[in-house]
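# Notes for the structure review
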Amino acid sequence: MDRPVTALLGPTNTGKTYLAIERMLSHPSGMVGFPLRLLARENYDRVAALVGEDAVALITGEERIVPERPAYFICTVEAMPLERRVDFLAVDEVQLAADRERGHVFTDRILNARGRLETWLIGAETIRPLLRRLLPDAVFQTRPRLSTLSYSQPKRLGKLPRRSAVVVFSVREVYEVAERIRRAQGGAALVFGALSPRTRNAQVGLYQAGDVDHLVATDAIGMGLNLDIDHVVFTGLAKFDGVGSRNLTAAEVGQIAGRAGRHVRDGQFGPTSDLGPFDRRLVEAVEGHRFAALRSIYWRSDALDFFSPLSLLGSLERRPPQPSFIRMRHADDHRALALLVRDSETMGLARGPEAVELLWEVCQVPDFQSVMTDAHARLLAQVYHFLRSPAGRIPEDYLAAHVKDIDRTEGDVETLLGRIAAIRTWTYISHRSAWVPDARFWQERTRAAEDRLSDALHERLTQQFVDRPGAVIARYEPSELVTSVAPDGEVLVQGLRAGVLEGFRFAPDASAREGSRGLLAAANRALRELVSDRVGDLESDGDEAFRLGPGGEIQWRSAAVARLAPGDSVVSPQVDVLPAELLDPPRRERVRRRLASWVEAQVGATLGALLALRDSAPAGAARGLVFVLAESLGSVRRRDVAEQVAALSRSDRRELSRRGVTLGRLSVFLPALLRPATIRLRARLFAVRHRGPSAPGPQGEPSVPLDRALPAAFYLACGYQPAGRRAVRVDRLDRAASVAARLSRTGPFVPPRELPSILGCPDAEVAAVLSGIGYVERHGRFEWRRRRHRDARRRA
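Residues numbered from 1 in each chain as written. Predicted model: local features only at pLDDT ≥ 70, side-chain atom pairs only at ≥ 80, totals over all residues. Heavy atoms only, no water.

## Structural notes on the pairing of strand β25 (residues 559–569)
On any regular strand, side chains alternate: one points to one face of the sheet, the next to the other face. Pairing geometry for strand β24 (residues 553–556) and β25, over four bridges, is antiparallel. Looking at the pairing, tryptophan 556 lines up with alanine 559 of β25. The pairing of β25 with strand β26 (residues 572–577) spans five bridges and is antiparallel. Within β26, the residue paired with arginine 563 across the bridge is aspartate 576. (Pairing = 2+ DSSP bridges. Helix = DSSP H or I, 4+ residues; strand = E, 2+ residues; numbered from the N terminus.)

Have a look at this one:
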């Protein structure tokens, strides 16, 4: 630990990383931390080729390749196993200690990560003064750039020279610029942070192999990705850094521009004509590699207090010990913890240092979509609840369901990016072997899913931004074109993708719409010949081929083909076939009849008890009550039908009971209609009838938090009744009301322990539920509101 630290500093293209790898391999053991998973994988492959796979480990958040006795470790900076002592240790791109999102990790490595014999900190000259102040005994070495980097005048996107990389600062701009280059110069490869390593490598392969001459990339390209780039062209000089939009520093411009010119080959950088010329001072700084020194870096305390979640939060917010340190405020794990401590169930489980430390580990599961949504926080909470359960692991069926739902390769680029981000989260979790059953299986399963999604994404990107179908189609007369339609609906003309047949609607690819008219004409001819067979397939498919979506859409073969519309009654919706140019009126009617038959069968099978009651309603006063029940989808508040209930004779009540109707204290309902699948259908039928919310609604739980944006009638239609801050299933609410009524006969009472279980809610919610059904609280005891009013009148 007393060995001096070596700071190896210099601009891009100086061979710093190459030298560090060579230095590591001269030691018996070593470790290098890289800023990107892509860089870690690239250098792992290089080291493995030199020393063999048995001697080197790869450790990132999402990937672990660890042989039995590795001598060398290639890691991402966050994943460095610092508990392992090695002779040589290096951290790459240490100037990222000034990064708002990850800087605290690099600062921690600068201060604490050490090799037994040698430690290297590799980065830009901008961090030299801070390193000298923090590590006064450090040895500084400077590496000069191997080639010349010079400014070039603004260039139009349509006239870019070959081997150019266009740098943008949002994914939206990536697509826009790539499309402009495709139109003008035949296509571009894409590189941005959301791509998986496999997709990124495939896209880079297109560029490196010369299939395309241009690359469109975000500023992630500046972090050491080694490509054969001669020109770097900027479309802007501002970026969003996780907090807000800001201008790039000259050092950041230099880091990105430095990707031009590799080894001894010179490179150029400059703006697009839309951006306009660079300021002379910026040009001189980048060409001369002279940038303002960093004045501060981000820091977070590593002395964490695991006494409780709140004390952990407090320790994360400790003030920095030095004025050059800025306290990290925006780290994802910190934000996740702040969200989870608001959850009472999670707080109840996080008792004791070990439980709090486990909670902190769960908070470090990355949100690869980088938005830290409530959905991600709910996922973390669920994972933590599983880990704190008696089993202590995530159930295998839960894992399987989530991975299966993600492992689908259909969809557009954004859909696949979302799925890749989701599967990366599960890949990360699978590498926590104590969290999952059969960790090796799930590591392989999630990796295989990511590979499939990555291949599909590469295919979509290539089709969208590289293919030029118009040039191929123009060689043929329309009648000579060979058109085919794959079983999954993919439409190909001369082997070129024209679009996808989704149900009965043809969705042309963007490239097809802008290709020759012959491409779409050929595709439409093939589809018109196919559509009759496709209608026949729909008619002959079994009921299991159809699905009712949350918005009332009817799906067939994973595509919406119709939607429900209000009909004669709430349980008799109409079927409207979605507009499709390929369907003539007779075929449209055939589709409608088949789907209407399916809907009728689904309603009959799921709501059979209600339909049977409606169709053979008893005579007398019970008939009116049955009518209201039918229109209310099987449950109604008792006070809303008080007159009908009061008019029931004893025989009416017996008959209704025989037919499955419960006359509860608070509701009249059919218990047979409270199964999860039935509740889901009731929610959709209500939404169709009233053109109301397309929310999925409750899923059969005893109770759910009350969403004030949803009308009370929606909850009642689902078999739930609002009470306090929750919507409680009517059978559970009636059961709770019976318990409360029994206890209140002898005066004010304390809610018994069984009520939270009956209501399916936290203890703290019971009081609000009781208040919602007519009980008044005083000094922790409850009494029936009417009894209290009656006693007050007597006292008066």
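Structure shown, so let's carry the discussion forward.
## Some remarks on helix α20 (residues 585–606)
The end-to-end C-alpha separation of α20 is 31 Å, in line with the 32 Å expected for 22 residues at 1.5 Å each. Those residues of α20 that sit buried are Val591, Arg594, Leu595, Trp598, Val599 and Val603. (Expected span 1.5 Å × (residues − 1). Buried < 20%, exposed > 50% of the residue type's maximum accessible area, 1.4 Å probe, protein only.)

## Quick word on the confidence of the model for the protein chain
The predicted structure's coordinates, where accompanied by low pLDDT, should not be read in detail. Across the protein chain, pLDDT averages 88, with 94% of residues at or above 70. The low-confidence segment residues 470–475 (pLDDT under 50) makes 10 contacts with residues lying over four places distant or belonging to another chain. (pLDDT = per-residue confidence, 0-100. Contact = heavy atoms within 4.5 Å.)

## Comments concerning the state of the cysteines
Under the criterion given, the structure shown has zero disulfides. Among the cysteines around cysteine 761, which has no disulfide bond, cysteine 718 carries the closest sulfur, lying 19 Å off. (Disulfide = S-S within 2.5 Å.)

## Overview of a negative patch on the surface
Judged by side-chain charge, Glu396, Asp397, Asp438 and Glu444 come together as a negatively charged surface patch. By the secondary structure assignment, glutamate 396 is in helix α14 (residues 396–406). Residue classification places glutamate 396 among the partly exposed positions, given a relative accessible area of 40%. (Patch = residues over 30% accessible without salt bridge, like charges linked within 9 Å, V, L, I, M, F, W, Y side chains within 5 Å. Areas by Shrake-Rupley, 256 points an atom, 1.4 Å probe, with all protein chains shown as cover. Salt bridge = Lys/Arg side-chain N within 4 Å of Asp/Glu carboxyl O. Lys, Arg positive; Asp, Glu negative; His and termini not counted. Charge placed at Lys NZ, Arg CZ, Asp CG, Glu CD.)

## Remarks on the sheet that holds strand β21 (residues 496–502)
Backbone-to-backbone hydrogen bonds pair the strands of a sheet. The strands run either parallel or antiparallel. Taken in spatial order, the four strands of this open sheet run β19-β20-β21-β22, and their pairing is antiparallel. Two strands bound the open sheet, and with one partner strand each, they are β19 (483–485) and β22 (505–508). Each strand of the sheet is rotated relative to its neighbour by a mean of 25 degrees, with strand direction disregarded. (Axes fitted to C-alpha atoms, helices over the stretch in contact; angles between N-to-C directions.)

## Concerning the sheet that holds strand β12 (residues 214–217)
Reading across the sheet, the six strands line up as β9-β16-β13-β10-β12-β11 and stay open at both edges, with parallel pairing between neighbours. The strands lining the two open edges of the sheet, one partner per strand, are β9 (149–151) and β11 (189–191). Ignoring which end each strand starts from, the neighbouring axes of this sheet average 25 degrees apart. Bridge count for strand β10 (residues 164–167) against strand β13 (residues 231–234) is four bridges, and the pairing is parallel. Across the sheet, valine 167 pairs through a bridge with phenylalanine 234, a residue of β13. Along the sheet face, helix α7 (residues 250–257) touches β9, β10, β13 and β16 (267–271) and points at about 140 degrees away from the line of β13. Contacting β9 and β16, helix α8 (residues 280–288) runs over the sheet at an angle of about 165 degrees to β9.

## So, the environment of valine 704
Mapped onto the elements of the fold, valine 704 is located in strand β30 (residues 703–705). Residue classification places valine 704 among the buried residues on the basis of a relative accessible area of 11%. Along the chain, valine 704 and arginine 665 lie 39 residues apart, while their C-alpha atoms are 21 Å from each other. Excluding anything up to four places from it in sequence, valine 704 contacts Pro698, Tyr715, Arg726 and Ala727.

## Some details on the pattern of salt bridges
Using the criterion set out here, one finds 42 salt bridges in the structure. Across the salt bridge formed by arginine 163 and aspartate 213, the nearest N and O atoms sit 3.7 Å from each other. Of this pair, arginine 163 sits in the loop between β9 and β10 while aspartate 213 sits in the loop between α6 (197–208) and β12, placing them 50 residues apart in sequence. Arginine 729 is the salt-bridge partner of aspartate 731, the closest N and O atoms lying 2.8 Å from each other. Relative accessible area serves as the criterion here: at 12%, arginine 729 is assigned to the buried category.

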